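Structural description and commentary
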Amino acid sequence: GQNIDQPTEMTATEGAIVQINCTYQTSGFNGLFWYQQHAGEAPTFLSYNVLDGLEEKGRFSSFLSRSKGYSYLLLKELQMKDSASYLCALSGGSYIPTFGRGTSLIVHP
Amino acid sequence: GAGVSQSPRYKVAKRGQDVALRCDPISGHVSLFWYQQALGQGPEFLTYFQNEAQLDKSGLPSDRFFAERPEGSVSTLKIQRTQQEDSAVYLCASSLGWQNTGNTIYFGEGSWLTVV
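A brief structural summary. (Residues numbered from 1 in each chain as written. Chains lettered and ligands numbered in written order. Predicted model: local features only at pLDDT ≥ 70, side-chain atom pairs only at ≥ 80, totals over all residues. Heavy atoms only, no water.)

**Considerations on the sheet that holds strand S7 (residues 65-68) of chain B**
Residues and elements named next belong to chain B. So the rule is basically this: Whether two strands pair depends on DSSP finding at least two bridges between them. Segments assigned H or I by DSSP are reported as helices when at least four residues long, segments assigned E as strands when at least two residues long, and all are numbered from the N terminus. Note on geometry: axes are lines fitted to C-alpha atoms, helical ones only across the stretch in contact, with angles between N-to-C directions running from 0 to 180 degrees.
Strand order in the open sheet formed by four strands is S1-S3-S8-S7, and the pairing between neighbours is antiparallel. In the strand order of this sheet, the two ends are held by strand S1 (5-7) and S7, each with one partner. Each strand of the sheet is rotated relative to its neighbour by a mean of 15 degrees, with strand direction disregarded.

So, in structure tokens, the structure goes:
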């Protein structure tokens, strides 16, 4: 089976940096995804990590440590439009992504 | 098409009514997934197709739920005798397929089902 844990809610200030953590347990591993979901909209793909280390993509970076069952999403230079839910998803042995419950990020001025 | 397309976007059904939700995946995508998302929760897996074969339906909550993809492209999720607990957003997603690197799934905008 798989288990994914991420904080329910975080708040941050516009222009700041925020790190959203995700821990997981799984019997098979084929990659970890991060998705962004604005209220009332579909999840949109942000990043995919299959090897340990940091993947940087503009203001967003994602880190993975397979030995620790740990990932984080780092958002820099926060903007109001970054207020959304951030979903951590695990691709296990079956290659079917399993999602966490999401972290609601509130960015305030 | 350019993205995953779902219809209807919104559906209000009376309890006991049957509903059918349609998904048109990205052209050429082999894999197709259905997820159910309740308010404030992450998407929960329902079922998975590789081409026309339904390889995993372990997430379907009851035998009232049925999905098909007869020609390996468009898929339909059918819910019979809807109940109030079926109210949720039903998300369809597709990917190139597990054998490709970066088996990223891309979501449609969802079908919002409300059972009254």
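**Let's talk about the environment of Glu44 of chain B**
Residues and elements named next belong to chain B. The following threshold applies: Contacts: residue pairs with any heavy atoms within 4.5 Å of one another.
Tracing the sequence through the fold places Glu44 in strand S5 (residues 44-50). For the pair Glu44 and Cys23, spaced 21 residues apart in sequence, the C-alpha separation works out to 17 Å. Setting aside its immediate chain neighbours within four residues, Glu44 contacts Trp34, Tyr35 and Gln36.

**Structural notes on the side chain of Gln36 of chain A**
Residues and elements named next belong to chain A. To be explicit about the condition: Partly exposed describes any residue whose relative accessible area lies between the buried limit of under 20% and the exposed limit of over 50%, with all areas from a 1.4 Å probe on protein chains only and scaled to the type maximum. Any N or O atom pair separated by 3.5 Å or less is treated as a polar contact, with the protein-specific requirement of one donor-capable and one acceptor-capable atom, and with residues adjacent in sequence counted only for side-chain atom pairs.
For Gln36, the position within the fold is in strand S4 (residues 32-37). Given the relative accessible area of 11%, Gln36 is considered buried. A polar side-chain atom of Gln36 sits 3.0 Å from a polar atom in the side chain of Tyr86. Here Gln36 is in contact with Ala42, Pro43, Thr44, Leu46, Phe60, Asp82, Ala84, Ser85 and Tyr86, once residues within four sequence places are set aside.

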